[in-house]
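# Secondary and tertiary structure notes
Residue strings, one per chain:
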Amino acid sequence: MTKTVPYPADTRAKGWRFELDHERIEQSDTWALAPADVRPWLLMLWLSAWRQEPCGSLPNEDELIAVRIGMPMKTFAKVRSKLMRGWWEAEDGRLYHDTVTKRVLEMLSAREAERRRKAEYRQRKEAERTGLSHGTADGHQQDDTRSDTGRDGTGTGTGTSTGKEETTTTSRTTAGEVGGDRQSPTKAGSICKAIRAKGIADVGPSNPELLALIAKGVPVETFEAAAEICAKATPPKGFAYLLGIVKRQLGEAAAIASGVGMPAKPWDESRTSIEAKGEEVGVGRWNEHDLSVNRETFPQYTARVRRAVEQRQGEPA
């Protein structure tokens, strides 16, 4: 029986990075069962699914999947049982995998949270502009912020005059974490709060490496996963080690996205690559201008190139 489609059909990554959870991958039964030479193809399969629409899905057609990841069809047929383990068909006729689907749902959740945050920020700024927020009891705007009197913009203050001097009361917060009554947690503050909840105490919302990672779009879930690794380590690791884990994962994900370390595309997938291989092994290019009755067809030419490749390599190409 087919399952319900997990999210809308128009769901796309739109630049959202596909991140690898090394701990989850290593604990995966599929990864454990896959031979070493098949594991890179698993990564290519997940990356290809991430680029599809809907995000995280694959067409339910072996030939299309093989073409998408650059694998020869005969190779795909041999390793299909390992490569496609865990993929299931949904009502839309496409294939989904629980692990990749979970990452897509996390992406959608993060986007929705960001959308709400921006909407709340716009509403708050509009309220401030119209005098409905941060105003005094009689509707007047507050005085300019004064860092030398404790009103440094990180909290709210009210002034009361005694006729001789002004007394100012302030509500302070930790910079970079949670603002005053009308402020929302910054992204760095929210991430630090989530990290502390996992048992890592020496966090710093103003840490430049943390801010750089946030600017690159690393979501809070990645920091939480790294925090769990640090907390379980013996002895437990700190904030600097956590940032190192996240930076390493970010670099490895970028390498996969760029194709570094991925298997080269097969030479027999297009006319251009086949003729290039033909010249490389001494067969030459296909004579498409030969119109004789016994002329060599392109499939025959391809077979001749393949035999030459096999003879050179000493094994099937």
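Cut-offs and rules
Residues numbered from 1 in each chain as written. Predicted model: local features only at pLDDT ≥ 70, side-chain atom pairs only at ≥ 80, totals over all residues. Heavy atoms only, no water. 1 Å grid on protein atoms, 1.4 Å probe; cavity = no way out; pocket = protein on both sides within 12 Å on 5 of 7 lines; lining within 4 Å. Points joined across faces, edges and corners; volume = space filled by probe spheres on them. Helix = DSSP H or I, 4+ residues; strand = E, 2+ residues; numbered from the N terminus. Pairing = 2+ DSSP bridges.

## Thoughts on empty space enclosed by the protein
Rolled over the atoms, a probe sized like a water molecule indicates the empty space that remains. All told, the structure shown has one cavity of 30 Å³ or more when counted by the stated rule. Looking at the largest cavity, its volume works out to about 40 Å³. Glu-19, Val-218, Thr-222, Val-246, Gln-249 and Leu-250 together form the lining of the largest cavity. Sort the elements by how many residues they give to the lining of the largest cavity and helix H10 (residues 239-258) lands first, with three residues.

## What to know about the layout of surface pockets
Empty space within the largest pocket amounts to approximately 520 Å³. Forming the walls of the largest pocket are 20 residues, and the residues nearest its centre are Ala-110, Ala-113, Glu-114, Arg-117 and Lys-187. For the lining of the largest pocket, the secondary structure elements donating two or more residues are helix H6 (98-129), helix H7 (187-197) and helix H9 (220-232). Broken down by element, the lining of the largest pocket gets its largest block of residues, eight residues, from H6.

## Quick look at the sheet that holds strand S2 (residues 87-89)
Strand pairs in the sheet, formed through backbone hydrogen bonds, run parallel or antiparallel to each other. Taken in spatial order, the three strands line up as S1-S3-S2 in an open sheet, and their pairing is antiparallel. With partners counted over all chains shown, the strands left at the sheet margins are strand S1 (57-58) and S2, one partner each. Here two bridges tie S1 to strand S3 (residues 95-97), and the two strands are oriented antiparallel to one another. Considered in S3, the bridge of Leu-58 is made with Leu-95.

Note that all results are geometric; they support no functional claim without further evidence.
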